[in-house]
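Descriptive analysis of the structure
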Amino acid sequence: MEPKKPFELIVREHGPTVLRVCRAVLGPHDAEDGWSETFLSALRAYPELPAGANVQAWLVTIAHRKSIDIVRTRNRQPVPVDVLPVSHSGLGIPGDGHAEVLDAVGQLPPKQRQAVAYHYLAGLPYKDVAVLLGGTPDAARRAGADGVKALRTILVDGSVSYVKEETP
Amino acid sequence: MTIDHNEPDVSELLAPFDSVEPAVLQRLHDRLAAAAAEQHTLDIAYRTVDSPIGKLLLAATERGMVRVAFEVEDHDAVLQLLAEKLSPRILFSAGRLDPAARELDEYFAGMRHNFDLPLDFSLSRGFRLSVLEHLPHIAYGHTESYAQVALAAGSPRAVRAVGTACATNPLPVIVPCHRVVKSDGSFGNYLGGTEAKRTLLALEAA
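Now for a quick tour of the structure. (Residues numbered from 1 in each chain as written. Chains lettered and ligands numbered in written order. Predicted model: local features only at pLDDT ≥ 70, side-chain atom pairs only at ≥ 80, totals over all residues. Heavy atoms only, no water.)

Concerning the overall build of chain A
- Tallying secondary structure elements over chain A gives seven helices and zero strands in all.
- When the helices and strands of chain A are read in sequence order from the N terminus, they spell out α-α-α-α-α-α-α.
- Burial status across chain A gives 50% buried among its 168 residues.
- As presented, chain A carries roughly 8,400 Å² of accessible surface, and 55% of it is formed by carbon and sulfur atoms. (Helix = DSSP H or I, 4+ residues; strand = E, 2+ residues; numbered from the N terminus. Buried < 20%, exposed > 50% of the residue type's maximum accessible area, 1.4 Å probe, protein only. Areas by Shrake-Rupley, 256 points an atom, 1.4 Å probe, with all protein chains shown as cover.)

Written as structure tokens, this is what we have:
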């Protein structure tokens, strides 16, 4: 069995993915709190994590729970919220589409948003996504597919800045 | 079931998520290390410092300095061993090591003759620990032979064991195993290399 690595390596290896997931699920405003709470909690529990466990799936599970807590605290209402507050936070390089995608993801219903984040950004198989969301793997797969379809509509078809290139 | 990732158009759609600014991750990492230290879940903090005998890894528990490692030991391998022997709750964090880094700087500048740092001897036991506890009593600029150290540690015949204790000293430089030399006055081996031992003894002789 592979011995457990220093936690520093876990942060370096998975920190970017967890931040992407938090940005998608929580939006830019709360993403950093989500990241911090996820890794603090993970560090506390790390010695008890079974050797050979899937660390990324474990971290995404913690991030999922922490996100629910954060949204619940923020809104004082059952989670997750339907629509994330639209926020232009200056994330990313202007024009790289970062803010646009974050806004678009924020417009998705919570389950679709989570399914897209956990499956496409964190690479979790739909059977694991289903465990997090509750429901069947098929339902999780549908949520992911619907989410992607909705994103495409918002970003591509619905965007005024989208100009199809003309062939000369 | 790998079909799921066979969707290049989705990757393209979500591509803007890929960019995660290194500065943001750095800030989050530092914030994590500070919060963990506050919550007592940062079992081992580490950093590196440059020195005349190469880059040194410094690691400390909440109790004190637990490890100093030479570059030749391979710092990644040393951290992995700490994870297995003590705790995997290890983060890069300069703060806890600031006093050690400062005292080492002063030492290498010739301004400091004694280290005043809390030490954690968790990695050493038995006779080796007795040897390590004796070493700080060898004054700056002086040396003792392996036989003298064996005598001082209470086992006059355990000369070879003194050699092993020095060779496995988890806190070199700070616990001065470089001050133990062969009876004929030659340097003897040193985990950081004979050249490093020569440098340290020359520094202290100046």
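Resuming the write-up.
A word on helix α3 (residues 55-75) of chain A
Residues and elements named next belong to chain A.
- Between its terminal C-alpha atoms α3 stretches 30 Å, which fits the 30 Å expected from 21 residues at 1.5 Å a residue.
- Tucked into the core, α3 has its buried residues touching α1 (7-26), α2 (28-45), α5 (110-121) and α6 (126-133).
- Capping of α3 at its N-terminal end is provided by Asn 54; its side-chain oxygen lies 3.1 Å from the backbone amide nitrogen of Gln 56. (Expected span 1.5 Å × (residues − 1). Contact = heavy atoms within 4.5 Å. Polar contact = N/O pair within 3.5 Å; in protein donor to acceptor, adjacent residues only side chain to side chain.)

Structural notes on the sheet that holds strand β1 (residues 44-49) of chain B
All names here are of chain B.
- In spatial order, the strands read β3-β2-β1-β4; together these four strands make up an open sheet with mixed pairing. Two strands lie at the open edges of the sheet, namely β3 (65-69) and β4 (90-92), each paired on one side alone. Averaged over all pairs of adjacent strands, the angle between strand axes in this sheet comes to 25°, irrespective of strand direction.
- Direction of pairing for β1 relative to β4: parallel, over a ladder of three bridges. Considered in β4, the bridge of Ile 44 is made with Ile 90. (Pairing = 2+ DSSP bridges. Axes fitted to C-alpha atoms, helices over the stretch in contact; angles between N-to-C directions.)

Overview of the pattern of salt bridges
- Enumeration according to the criterion identifies 17 salt bridges over all chains in this entry.
- Measuring nitrogen to oxygen at the nearest pair gives 2.4 Å for the salt bridge that ties A:Asp30 to A:Arg74. Of this pair, A:Asp30 sits in helix α2 while A:Arg74 sits in helix α3, placing them 44 residues apart in sequence.
- We note a salt bridge from B:Glu103 to B:Arg112, for which the minimum N-O separation is 3.6 Å.
- With a relative accessible area of 8%, B:Glu103 lands in the buried category. (Salt bridge = Lys/Arg side-chain N within 4 Å of Asp/Glu carboxyl O.)

Remarks on the interface of chain A and chain B
- In this complex, chain A contributes 44 residues to the contact, which on the side of chain B involves 35 residues.
- Summed over both sides, the interface between chain A and chain B buries roughly 3,400 Å², with carbon and sulfur atoms accounting for 65% of that surface.
- When residues of chain A are sorted by the area they lose upon contact with chain B, A:Glu8, A:Glu32 and A:Leu43 head the list and together hold 16% of the total.
- There are five salt bridges connecting chain A and chain B.
- Put simply, A:Arg152 and B:Asp9 hold a salt bridge, and the shortest N to O gap is 2.8 Å.
- Inspection of the chain A/chain B interface yields 14 residue pairs in polar contact (both at pLDDT 80 or more).
- Only α1, α2, α4 (98-106), α5 and α7 (137-157) of chain A provide two or more residues apiece to the side of chain A that touches chain B.
- Top element by residues in the side of chain A that touches chain B is α1(A). It accounts for 10 residues. (Buried area = accessible area lost by both parts, 1.4 Å probe.)

So far we have only geometry, and geometry alone does not tell us how the molecule works.
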